[in-house]
Amino acid sequence: MLNIREVVSQEESSALLRRELDYLSTSDWQILLQEAGIVSAIGPGEALAIYAGLGMPWSKLRVLRRWLKASGVSISCEEKMRQIARGLLGENLQGEVAPLSFCLSSGGEEIRGAPLVFMPDLNQKVIQMLDDDHSVGRLTWRNGIIPQTEVWVKLGGDKEGNTTKMNFQIINVPTPNTIHNTCVFCCFAATDSVTNLHSALDHYRDQVKQLKGMKWREYTIKVFMCGDFEFLTRMYGLSGTTGNAIHYDPWSTFKRATSSSWLLEGKEKKVKNYMNYVTEPIFDIPIDQVCLPGLHITQGIFVKIFDLLEDACHQLDLQLAYTYTEESSSSSSFTKYAEELHKLQHMGWTALEITEFLMQQAEDMRQSVEKMQEEMANTTKVTKSLLLMMVHLCKVWDNAFGVHRQQYFGGTFVGNHIHKALKPSNIECLSSCMVEVAKAKCPALVASATREQTGFRRSLSLLRQCHQIYDQNYIDESQCNELETLIAHFMEDFRSSFPDSSIPVKMHMLEEKHTVPWARKTHVGFGLLGEQEAESIHARFNGLQRTYHSVPDKVQQLVLMIHCAASELKGFGSSTATGGNLLCQYYMDLHSGSHIEHDLPEPICTWIGFY
């Protein structure tokens, strides 16, 4: 048979065999493997990668092993996997119960113990990840976006649910804003208040100073900072986002003054005289290396415009309801008048008696109408969900876009919702919903609805164009000029279309010479150095919290979650990724006794021995 293949295929028998096997169905494949006694085996390295990538405990891996064994696939035994895991475990995390601050429902704060997990040596971890990326050839300088002599590292943080997470990323990789490139180096189960941030991060202050300008090989490390607006104000010592702070964001504050003359008079009652500056920053990172929160800027502005759209629909609904009320009231009054007149005539009443009776009825009706008008004037809110245009807007938003406003955090949207809503076709659907209802229910309101449609369509379209530019990885000089023009047009249009509306903080950040100067100086967009990674890691931690919710020790539970997240760095938890293939080969060589050396990161299974 082999000779026949050699002759027919002209010495390409393996290629011919592959072509023959391609014609087999899945069931034929299974029968052929069973008859030949061939069993597909997953070695300890690949099994460990599966285990880390899925974040499953050992008990679930045993169930998976039984299922796969029934289909002719065997997984390496648990003892071999644990043996490899124990050999690679390292003390890269510490956990403790720390005194953290919590707000009371009655007002004020209290200090109580809460889990705090952190990496003692941040710089060592950064160098380790750089070495790992370099060993597998993942470092890139993005065609000159990053200077050839520099390596960029981004620090960030965010609070979601009951935990606050601090993380860092290596920017010199193909996809920096993914969970596989995001390393959580500190996490605590409390809010990101100034007190808690100091308690958790003060011991990193000197490390960050050393990291800035540190030499790694022949490159210089440059540190950036990112996060949402509230997080950045706390990290940079501002009093908050309320009151006078609405005009004193970190970029404005640090450009207008220095902190050296303020610290001696940092009394709370005087902070308004010092641009809301309370204390020095937690990390000494220059303000021109702090990326504006582009995702939150777009999200906040869109929510503002959407709220105005809801209010416009509500006002048109009130006009529509008033029109219906007038029509129904006049019809019912005339019917009642005709019935009463016919009844009185049959009773033999004279014209004078009928006139006096109707006048009394009219006076009673007038008093009833005045009472109803007074009650309506005292009503502060009409249920919007019962009105036609609001119902239609909700249907468009839920059915056409497939998204829903969150039932918490002020009913806002997530980033993916914003990206969907700012598509041209969806902008047209949102802005035209009022016109559609007006045409169907009340043609007299079509003109007003059309004016509202034009204003909202124009504002959302300009916001979309701005977002498309500043959300990129790279922004050239011509795009900087275009962005500056678009922002000016957007703000001018917003003020003319909504003259009674206030200007939110995020719109101020877009306008007040922060966005365009950042783009001109760095030529880097918010898509590369923004806060997206902090938002992405939340979903992963929520899933891990469900996996490890049965662990009674809350500190140990948090340690397990961070270890599991660290095991997925650069895709090492997936055998399809470059790092995953290297990881599996390393495990198999180590288990077989081979002395082949691999540059492999340590944290891949540092967590496995805990559970």
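Structural data are supplied above this passage.
The structure contained in this document is the topic of the report that follows.

About the thresholds
- Chains are numbered independently. Their residues run from 1 in the order of the written sequence.
- Where totals are concerned, whole chains, interfaces and linings use all residues; where local detail is concerned, this predicted model gives features only for residues with pLDDT of at least 70, and gives and counts side-chain atom pairs only at 80 or more.
- Values reported for side chains reflect all heavy atoms of the structure, with hydrogen atoms and water molecules removed beforehand.
- Secondary structure counts use DSSP, requiring at least four H or I residues in a row for a helix and at least two E residues in a row for a strand, with both numbered from the N terminus.
- Between buried and exposed lies partly exposed: a residue is buried under 20% and exposed over 50% of the maximum accessible area for its type, with that area taken using a 1.4 Å probe on protein chains only.
- By the convention used here, residues are in contact when the closest approach between their heavy atoms is within 4.5 Å.
- To estimate how far a helix should extend, the number of its residues minus one is multiplied by 1.5 Å.
- For Phe, Tyr and Trp, rings pair up if their centres lie within 6.5 Å, where Trp contributes its six-membered ring, and each pair is then called stacked (planes under 30 degrees apart), edge-to-face (over 60) or tilted (otherwise).
- A ring is scored as having a charge over it whenever the NZ atom of a lysine or the CZ atom of an arginine sits within 6 Å of its centre and within 35 degrees of its normal.
- What counts as a salt bridge is simple: a side-chain nitrogen of Lys or Arg found within 4 Å of a carboxyl oxygen of Asp or Glu.
- Whether two strands pair depends on DSSP finding at least two bridges between them.
- Any N or O atom pair separated by 3.5 Å or less is treated as a polar contact, with the protein-specific requirement of one donor-capable and one acceptor-capable atom, and with residues adjacent in sequence counted only for side-chain atom pairs.
- Note on geometry: axes are C-alpha line fits, over the in-contact stretch for helices, and angles between N-to-C directions span 0 to 180 degrees.
- Convention used here: angles under 35 degrees read as roughly parallel, angles over 145 as roughly antiparallel, angles from 65 to 115 as roughly perpendicular, and any remaining angle as oblique.
- Rotating anticlockwise by less than a right angle from the far helix to the near helix defines a left-handed crossing, while the corresponding clockwise rotation defines a right-handed one.

1. Remarks on the overall build of the chain
A tally of helices and strands in the chain yields 24 helices and nine strands. Counting all 611 residues of the chain, 46% fall into the buried class. Across the chain, contacts joining residues at least 24 apart in sequence account for 69% of those joining residues at least 6 apart.

2. Some words on helix 22 (residues 532-547)
Here helix 22 spans 24 Å end to end across 16 residues, near enough to the 22 Å set by a 1.5 Å rise per residue. The complete set of buried residues in helix 22 reads Q532, E533, A534, I537, H538, R540, F541, G543 and L544.

3. A short note on the packing of aromatic side chains
This model, assessed by the stated rule, comprises 10 aromatic pairs. Taking 5.0 Å as the distance between ring centres and 45° as the angle between the ring planes, the aromatic pair formed by F456 and F498 counts as tilted. Taken together, the positions of F456 in helix 17 (residues 446-470) and F498 in the loop between helix 18 (477-497) and helix 19 (505-511) put the pair 42 residues apart, joining distant regions of the chain. Each member of the pair, F456 together with F498, is buried. Taken together, the aromatic side chains of F456, F490, F494 and F498 make up a single cluster linked through ring pairs. Just above the ring of F102 sits the side chain of R112; from NZ or CZ to the centre is 3.9 Å.

4. Side note on the environment of F168
With respect to the helices and strands, the residue F168 is situated in strand 6 (residues 163-170). With relative accessibility at 0%, the residue F168 sits in the buried group. Separated by 14 residues in the primary sequence, F168 and K154 place their C-alpha atoms 5.4 Å from one another. For F168, the residues in contact, after removing those within four places along its chain, are L122, K125, V126, M129, V153, K154, L155, N181, T182, C183 and F185.

5. Comments concerning the pattern of salt bridges
If you walk through the whole model with that rule in mind, you get 14 salt bridges. Between E230 and R234 there is a salt bridge; the shortest N-O distance is 3.6 Å. One end of the pair, E230, and the other, R234, are both in helix 10 (residues 229-235), four residues apart, so they sit about a helical turn from each other. Residue classification places E230 among the partly exposed residues on the basis of a relative accessible area of 39%. Accessibility expressed as a relative area gives 24% for R234, which makes it partly exposed.

6. A word on the pairing of strand 3 (residues 94-103)
Bridge count between strand 3 and strand 4 (residues 109-118): 10 bridges; the pairing is antiparallel. Along strand 4, the bridge assignment pairs C103 with E109. What sits between strand 3 and strand 4 in their antiparallel hairpin is a turn of five residues, with G107 showing a positive phi close to 105°.

7. Things to note about helix 7 (residues 122-135)
Side chains of residues three or four places apart in an α-helix project in the same direction, reflecting 3.6 residues per turn. Helix length check: helix 7, at 14 residues, gives a terminal C-alpha distance of 20 Å against a target of 20 Å (1.5 Å per residue), a fit within 8%. What helix 7 keeps buried is the set L122, N123, K125, V126, Q128, M129, L130, D132 and D133. Here the buried face of helix 7 lies against strand 5 (150-160), strand 6, strand 7 (182-188), helix 9 (205-211), strand 8 (215-216) and strand 9 (219-226). You can read the cap of helix 7 off the contacts: a side-chain oxygen lies 3.3 Å from the backbone nitrogen of N123, and it is on D121. Once helix 7 finishes, G137 follows within two positions and takes phi at roughly 70°, a positive value.

8. Structural notes on the environment of I305
With respect to the element layout, I305 can be found in helix 12 (residues 294-346). I305 gets classed as buried once you look at its relative accessible area, which sits at 1%. Leave out the neighbours within four places in its chain, and I305 touches F456, S459, L460, L463, F490 and F494.

9. Comments concerning the packing of helix 22 against helix 23 (residues 554-566)
Relative orientation of the contacting elements helix 22 and helix 23 amounts to 130°, with a least axis distance of 10 Å. As judged from the angle between their axes, helix 22 and helix 23 are oblique. Here helix 22 and helix 23 pass one another in a crossing that is right-handed. Residues R540, F541, L544 and Q545 of helix 22 form the contact with helix 23, whose participating residues are Q557, M561, I562, C564 and A565.

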